[in-house]
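Residues per chain are reported as follows:
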Amino acid sequence: MDPYTIFADIVAGRAPASIVYEDPDVLAFMDIRPMTPGHLLVVPKVPARSLAELDPEIGGKLFQVGQQLAAALRASEVNCDGVNFFLADGVTAGQEVFHVHLHVIARTPGDGFGLRGRPRTPPREDLDYLAASIRGALRRSVSE
Ligand code: 5GP
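Going along each chain's sequence as written, the residues are numbered from 1 onward. Local features are withheld for residues below a pLDDT of 70 in this predicted model, meaning they are given only at 70 or higher, and side-chain atom pairs are given and counted only at 80 or more; totals for whole chains, interfaces and linings count all residues. For side-chain calculations, the full set of non-hydrogen atoms in the structure is used, while hydrogens and water are omitted.

- Labelled according to an unreviewed UniProt entry, the chain appears under the name HIT family protein, originating from Nocardia jiangxiensis.

Let's talk about the overall build of the chain
Part 1 of the reasoning: From N to C terminus, the chain includes 3 helices and 5 strands.
Part 2 of the reasoning: The way it works is that DSSP assigns letters per residue, a run of H or I at least four long becomes a helix, a run of E at least two long becomes a strand, and they are numbered from the N terminus. Its helices and strands taken in sequence order, the chain reads α-β-β-β-α-β-β-α from the N to the C terminus.
Part 3 of the reasoning: For the chain, the C-alpha atoms occupy an extent of roughly 50 × 40 × 25 Å along the three principal directions.
Part 4 of the reasoning: Relative accessibility thresholds used throughout: buried, under 20% of the residue-type maximum; exposed, over 50%; partly exposed, between the two (1.4 Å probe, protein chains only). Relative to its 144 residues, the chain shows a buried fraction of 32%.
Part 5 of the reasoning: Note on definitions: a residue-residue contact is assigned when non-hydrogen atoms from the two residues lie within 4.5 Å. Of all intrachain contacts in the chain linking residues separated by at least 6 positions in sequence, the fraction that spans at least 24 positions is 53%.
Part 6 of the reasoning: We get accessible surface area from the Shrake-Rupley algorithm with a probe of 1.4 Å; when it comes to residues, only the shown protein chains can shield them. Accessible surface computed for the chain: about 9,800 Å², of which carbon and sulfur atoms make up 56%.
Part 7 of the reasoning: In the chain, 14 positive and 18 negative side-chain charges are present, and the distance between their average locations comes to 7 Å. Counting rule for charge: Lys and Arg are taken as positive, Asp and Glu as negative, and neither His nor the chain ends is counted. The atoms used to mark charge sites are NZ of Lys, CZ of Arg, CG of Asp and CD of Glu.

Thoughts on the packing of aromatic side chains
Part 1 of the reasoning: Working definition: rings of Phe, Tyr and Trp (its six-membered ring) pair if their centres are within 6.5 Å, and the pair is stacked with planes under 30 degrees apart, edge-to-face with planes over 60 apart, and tilted otherwise. All told, the structure shown has 2 aromatic pairs when counted by the stated rule.
Part 2 of the reasoning: Ring centres 5.5 Å apart and planes at 75 degrees place the aromatic pair Phe7 and Phe29 in the edge-to-face group. Note that Phe7 is positioned in helix H1 (residues 6-12) and Phe29 in strand E2 (residues 26-30), a separation of 22 residues in sequence.

A word on the pattern of salt bridges
Part 1 of the reasoning: What counts as a salt bridge is simple: a side-chain nitrogen of Lys or Arg found within 4 Å of a carboxyl oxygen of Asp or Glu. Scanning the entire structure with this criterion turns up 6 salt bridges.
Part 2 of the reasoning: Asp25 is the salt-bridge partner of Lys61, the closest N and O atoms lying 3.3 Å from each other. One end of the pair, Lys61, is in helix H2 (residues 56-75); the other, Asp25, is in the loop between strand E1 (19-22) and E2, with 36 residues separating them in the sequence.
Part 3 of the reasoning: What makes Asp25 partly exposed here is its relative accessible area of 29%.
Part 4 of the reasoning: Connected through shared salt-bridge partners, Asp23, Asp25 and Lys61 make up one network.

Looking at the site of the ligand
Part 1 of the reasoning: Neighbouring residues are identified by heavy atoms, a residue being near a molecule or strand if any of them is within 4 Å of it. Around the ligand sit 16 residues, and of these Asp31, Gly94, Glu96, His101 and His103 come closest.
Part 2 of the reasoning: Here a polar contact is taken to be a pair of N or O atoms separated by no more than 3.5 Å, where protein atoms must pair a possible hydrogen donor with a possible acceptor and residues adjacent in sequence count only if both atoms sit in side chains. Within the backbone of Gly94, an N or O atom sits 2.8 Å from an oxygen atom of the ligand.
Part 3 of the reasoning: Against a free-state accessible area of 530 Å², the protein chains account for coverage of 86% of the ligand.
Part 4 of the reasoning: Top element by residues in the shell around the ligand is H1. It accounts for 3 residues.

Rendered as structure tokens:
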């Protein structure tokens, strides 16, 4: 599949962006269609289409930078009473740009942003069953 995305152009300086942070591994900039007025995107400079392709160390850096940006949003002129992190991995999860990115979204009361869903509390045995399956998958992935 074509690895090109607009974020690769932004990282390379070929496309415009309102940059808030840059280091050798990570770039952060304003989302062009913000959910709220303080909506940032944190991206790895080396493109990875999905979490599975992302170097875990760089994944850790995305979160670290996100944490710093959350503090900066609260301390800036952005109206910010709270912050959401959001990451869409895969089409079904809502991913539109196939260059991993962490959304850092400033929140204010009544801003209209939120996750939709119908949570319910399943029986404990259902939770235990899925937990065991996920533990098994984790064990297999670390022994690979
Ligand atoms: P996704 O749905 O993949 O998690 O989010 C993609 C995000 O990238 C969207 O919030 C969208 O507004 C943002 N976006 C798409 N194209 C551009 C662009 O050219 N510049 C910037 N700054 N953001 C973009």
